[in-house]
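Residues per chain, in single letters:
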Number of protein chains: 2
Amino acid sequence: MAQKKLGKQTVKLENPPSIISTYCIVGPKEGEGPLKDYFDLILEDDLWGEESWEKSESKIQNETIRSAISDAKITENDVDYLFAGDLLNQIISSAYSARQLQIPFFGLYGACSTMSESLSLGAMIVDGGYADYTVCATSSHFSSAERQYRYPLEHGNQRTPTAQWTVTGAGAVVLSSNGNGPYVTHVTTGKVIDLGIKDANNMGPAMAPAAVDTIVQHFKDTGFRVKDYDLIITGDLGILGAEIAEELIAKEGYDISQIYTDCGIEIFDNEKQDTHLGGSGCGCSASVFAGYVFKEIKARNLNRVLLVSTGALHSPVGIQQGETIPGIAHAITISNSK
Amino acid sequence: MAQKKLGKQTVKLENPPSIISTYCIVGPKEGEGPLKDYFDLILEDDLWGEESWEKSESKIQNETIRSAISDAKITENDVDYLFAGDLLNQIISSAYSARQLQIPFFGLYGACSTMSESLSLGAMIVDGGYADYTVCATSSHFSSAERQYRYPLEHGNQRTPTAQWTVTGAGAVVLSSNGNGPYVTHVTTGKVIDLGIKDANNMGPAMAPAAVDTIVQHFKDTGFRVKDYDLIITGDLGILGAEIAEELIAKEGYDISQIYTDCGIEIFDNEKQDTHLGGSGCGCSASVFAGYVFKEIKARNLNRVLLVSTGALHSPVGIQQGETIPGIAHAITISNSK
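Predicted, not measured: the structure shown is a model, and the values here were computed from it.

(A) Looking closely at the relation of the copies chain A and chain B. The transformation that overlays chain A on chain B combines an axial shift of 0.0 Å with a rotation of 180°, and the residual RMSD is 0.0 Å. The transformation just described matches what one would write down for a two-fold rotation axis. Among all residues of chain A, the minimum C-alpha distance to the rotation axis is found for Leu108(A), at 2.1 Å. Interface residue correspondence from chain A to chain B reaches 100%, placing this contact among same-surface, isologous pairings.

What follows is the structure, given as structure tokens:
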């Protein structure tokens, strides 16, 4: 058996990469939320001087990556691979961002699970000796996502009570083969799970079963107990999805209620900010991780965290053709000790 | 320096994974082309009993993966990771295919470069000891791609002389940590290159500079000479793009003319089949590799091949917003000896 496999879906990294820097940029609405003090840059307007929201999103991602690299005190030339993705068709935010960088590029699509997908692959590639440095990054933008997935904003459509709010923001993480942590120590890769939900305005419950499957499998594969973690954070199940996930995980024998939250719950004051069931989008778990979670780990307020970005692998065309919504969740362990 | 790095963009695999099986399914038009005897299954109609071309594409990809796994004499349960992508928005062909499989899934988007992107990542993950088996797969479908990227087929639009024809087909490759070859020995990962071409109906020239960059870098990184290869095959530059690539590579001091071709040139009799400048789409290099190239390597008519799938990372929205077309190309070496 492959020597680094641990159980069915997990690998244990033998030379755990260090996270040597993170950076995140968010839009004005995110900058008014409860995590505002953790974000590296809060934009005053979500076009950021560009002519379209799509161009703005790409700029946000690119500047996030550049800042993460410069904060790591390395140069673009030192980075072996960029793993990046976003929500736009043909992941153009990432492609247009990567064309401004002289870094070999792996484009990913995992919907809102892309942040932990990129960290999973980036970490294995560094751990395996294929790279000294990788950058893992994702972005999303409320306005570009709304018009692609739902309605043009000009339409002024009313949002359903179960809707989530796509985060305008990006996060980038620099992984290094050298460093003193925090370390990425374990990677649990998710399967696609589809229990038949069809409502594209209610994605938390569609993704919850995938989060449950991955988290439970992670416990089984690693032998970790709930108390080994200071925080388990999914992204972005939102209020309803997180409630369902917590309950289903409890049924499997793991009571995570004391240490569990969701990036979509944390990023907004959902009642006051009218974001309904919470934040969503690749940029949600990216900015919550790169901003809040990582800084709390660095400050040793948290010592071991399981980040579980979750994605709804649906598409407007699929929904029109009567398809249900497949979900996926990838988990990575970030720890101050190896 | 990371021990498996070779030069700037290449890694040399120390425990090169074996390709233990490949499978490909193509549509009726591809089945009338010059490679027809190499394809594992040729469909009689491109809907294959489904209600939409999108559903058909997903079925084609799924059946290709299942057949590759069963030909490898393993089961779904033995496969550690599926690396897959396609051209449809939100890569739904792959997501809907993966939801029918109990295999941890990494979704990729590299446009038509996705076949070598999936093989690059799959090979490193097996080589590094993270997996015993990975499946790498991509698909495309002429009819689903036309209506997404260009016009609905019902529109009966005339094709420009520089157009390429999206291949209906899928290819899947099973990589194993155990086996007697053919081996994946080197991986050269491409950067995003954009020289400013804007015409989405002339993608070969837009992608050619990326292919040139990756192939020249591969020679520099590895020290291989042209005569070390029996075949260098790009996919899918088409007739014009391949001509440009060959010329630009010659200018860099590497005359590959005797051993070079392009998947888009080979899959159709482009004059007789009215496919203009050649085939394109993820399914093109996937089916040409899984069908023709791999079988010729197995038969030892070819001993060392460089597969260079090329992608145009454009999007209809990007084109509408005046963006130029970024290209990318990833190269992998497949060889009968380690």
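(B) Examining the packing of helix α1 (residues 53-71) of chain B against helix α4 (residues 142-149) of chain B more closely. Residues and elements named next belong to chain B. Relative to each other, α1 and α4 sit at 130°, their axes nearing to 8 Å. One element, α1, and the other, α4, form an angle in the oblique class. Both α1 and α4 take part in a crossing whose hand is left-handed. Residue-level inspection shows Trp53, Glu54 and Glu57 of α1 in contact with α4, the latter providing Ser143, Ser144 and Arg147. Taken together, the residues that form the contact of α1 with α4 break down as 1 nonpolar, 2 polar and 3 charged.

(C) Spotlight on the packing of aromatic side chains. A complete count under the given rule lists 18 aromatic pairs over all chains for this structure. Residues Tyr81(A) and Phe83(A) carry aromatic rings whose centres are separated by 6.3 Å and whose planes lie at 55° to one another, so their mutual orientation is tilted. In terms of burial, Tyr81(A) and Phe83(A) fall into one category: buried. Between Tyr38(B) and Tyr292(B), the aromatic rings sit 5.0 Å apart at their centres with planes inclined by 80°, giving edge-to-face as the arrangement. Placement of the pair is Tyr38(B) in the loop between β3 (18-26) and β4 (41-42) and Tyr292(B) in helix α8 (residues 282-298), with a sequence separation of 254 residues. Overall, Tyr38(B) belongs to the partly exposed group, its relative accessible area being 23%. Among the aromatic residues, ring-to-ring pairing joins Phe219(A), Phe224(A), Tyr229(A) and Tyr254(A) into one connected group. Lys59(A) extends its terminal NZ or CZ atom over the ring of Trp48(A), reaching a point 4.6 Å from the ring centre. The positively charged end of Lys29(B) is found above the aromatic ring belonging to Trp165(B), 4.2 Å away from the centroid.

Quick notes on the rules
- Residues numbered from 1 in each chain as written.
- Chains lettered and ligands numbered in written order.
- Predicted model: local features only at pLDDT ≥ 70, side-chain atom pairs only at ≥ 80, totals over all residues.
- Heavy atoms only, no water.
- Least-squares fit on C-alpha atoms with pLDDT ≥ 70 in both.
- Contact = heavy atoms within 4.5 Å.
- Axes fitted to C-alpha atoms, helices over the stretch in contact; angles between N-to-C directions.
- Helix = DSSP H or I, 4+ residues; strand = E, 2+ residues; numbered from the N terminus.
- Parallel < 35°, antiparallel > 145°, perpendicular 65-115°, else oblique.
- Left-handed = near helix turned anticlockwise from the far one by under 90°.
- Nonpolar A, V, L, I, M, F, W, Y, C, P; charged D, E, K, R; others polar.
- Phe/Tyr/Trp six-rings, centres within 6.5 Å; stacked < 30°, edge-to-face > 60°.
- Buried < 20%, exposed > 50% of the residue type's maximum accessible area, 1.4 Å probe, protein only.
- Lys NZ or Arg CZ within 6 Å of the ring centre and 35° of its normal.

So, to be careful, I would describe these as geometric facts and stop short of saying anything about function.
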